[in-house]
Structure formats: structure tokens, C-alpha cells
Amino acid sequence: MTQPGHDDRPYDSTDPQRPGAVPPPPGPLQGGYQGASPQGAPGQGWPAGGYQPGGPQGSGAGGAGGEERTMMLIAHLSAPVSFLVSGAWLPFLGPLLVWLFYKDRSPAVRTAAAGAFNFNIMMTIASVVTWISVIITLGIGLIWAIPIWIVLFVVQLWMHIKGAMKASNGEVYTYPWQIRILS
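Just so you know, these numbers come straight off a predicted model, no measurement behind them.

Participant: Outline the environment of Tyr175, supporting the account with residue identities and numerical values.
Facilitator: Inspection of the secondary structure puts Tyr175 in the segment after α4 (142-168). Exposure remark for Tyr175: the relative accessible area of 4% places this residue in the buried category. Placed 55 residues apart in sequence, Tyr175 and Asn120 show a C-alpha to C-alpha distance of 9.6 Å. Not counting residues within four places of it along the chain, the set of residues in contact with Tyr175 comprises His76, Ala112, Gly115, Ala116, Phe119, Met159 and His160. At 2.6 Å, the side chain of Tyr175 forms a polar contact with the side chain of His76.

Participant: Go over the packing of helix α1 (residues 66-85) against helix α3 (residues 107-136), please, and point to the residues and values.
Facilitator: At their nearest, the axes of α1 and α3 sit 9 Å apart, and the two run at 5° to each other. One finds that α1 runs roughly parallel with respect to α3. Facing α1, whose interface residues are Glu68, Met71, Met72, Ala75, His76 and Ala79, α3 presents Ala108, Val109, Ala112, Ala113, Ala116 and Asn120. For the contact of α1 with α3, the class distribution of residues is nine nonpolar, two polar and one charged.

Definitions and cut-offs
- Numbering of residues starts from 1 in every chain and runs along the sequence as written.
- Local features in this predicted model are restricted to residues of pLDDT 70 or higher, and side-chain atom pairs are both shown and tallied only at a pLDDT of 80 or more, whereas totals for entire chains, interfaces and linings draw on every residue.
- The basis for every side-chain value is the complete set of non-hydrogen atoms in the structure, without hydrogens or water.
- Starting at the N terminus, helices and strands are each numbered in turn, a helix being any DSSP run of H or I of at least four residues and a strand any DSSP run of E of at least two.
- Working definition: with a 1.4 Å probe on protein chains only, accessible area under 20% of the residue-type maximum means buried, over 50% means exposed, and in between means partly exposed.
- Residue contacts follow a heavy-atom distance rule, with two residues in contact if any of their heavy atoms lie within 4.5 Å.
- Whenever a nitrogen or oxygen atom comes within 3.5 Å of another N or O atom, the pair is scored as a polar contact, on the condition that within protein one atom can donate a hydrogen and the other can accept it, and that pairs from neighbouring residues in sequence are kept only if both atoms are in side chains.
- Throughout, an axis means a line fitted to C-alpha atoms (over the contacting stretch in the case of helices), and angles, computed between N-to-C directions, take values from 0 to 180 degrees.
- To sort the angles, those under 35 degrees are grouped as roughly parallel, those over 145 as roughly antiparallel, those from 65 to 115 as roughly perpendicular, and the leftovers as oblique.
- Three classes are used, and their members are as follows: Ala, Val, Leu, Ile, Met, Phe, Trp, Tyr, Cys and Pro are nonpolar, Asp, Glu, Lys and Arg are charged, and the others, Gly among them, are polar.

Spelled out as C-alpha cells, the structure:
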């Protein structure tokens, strides 16, 4: 007489009828485990390349997607374009437009555009203060104003290039010297 739940057969860990049975290792021609899938649905098996979380393509490396990356790049690079088109007076216009159109669509684009806008407001204020010093000194201030404007231009260009490089990797760049107007 046997007890309930007791099986008189010798223990075989590969027996599919036994609870907790372990399937046999894959053979050289099988290509992978063909038992239960990781989700527990019997008979579906694992893909030959192994289990990839997040679907067959994997979950990716994180960061921003294709359209987000593009708009982040535009947010960073629109500032130098606005700078050149406006004669150095409106470098914040490009990032402001990106922020207005994408602020509710993507937090990454919103942060990138707001950072570029805030940084360019600070650079515009520095440029205006330099112009005021030139006017107050009746043109003598051009001696220091021209080097200051060159430095401001190079700093702006360098920071926007760094931001664009980060955006191309799907990362958000934090600009230095910001006056937090947009967020």
C-alpha cells in the first residue's frame, strides 16, 4: 500500500511527470532549452539566442529614444544657429521654441531645451552688460568688450557642442551658469 503523493518509481530528476523535475541539458543539435518558457507557459521554450528581457529586441540601454534624441540635438544646436541668424542677439530663441513645442511630450527634451534656454539667457545678459560698458565709456570699452564677446561666443559654442554630444547618446546635459527661468 502506498501513501498518497508517494511514487514507487525510482527518483529521476528529468522525469517530466514529477513535480520540480529538471529538464535534461540541451543536446548538441537542439540549440537551446526547449522546455517551459521563463514566463511559465509550457511548450513555448526559450529563444535559441537565450532569454532577452523586454522582448526580442531587448530593453535597450536606457536613455532617450530616436525622436527624443533628435529634438534634444535640435534644442542644443538651435542656439548657435539662432545666435548667428540674429546677429548674436537671440541665441535663446531656438531652445525656447523647442521647449514650447515639446515640454509636454518628453521630460528629456524639456530638460535639454530649458537648460539651453537658461544658459543662453545668462550669456545674453553678459553680452548686454558688455555693450552697456562700451556705451558708457563712449567706445573705449571696446578694448575689453571684443575679447569678452569672443570668449562668450567660444564658451557658448563649446557648451552647445558638449550638449549635442550628450544628446546624441540619449543623455541630458546640464549647462553651467544658468539662470533658472524654464524648467
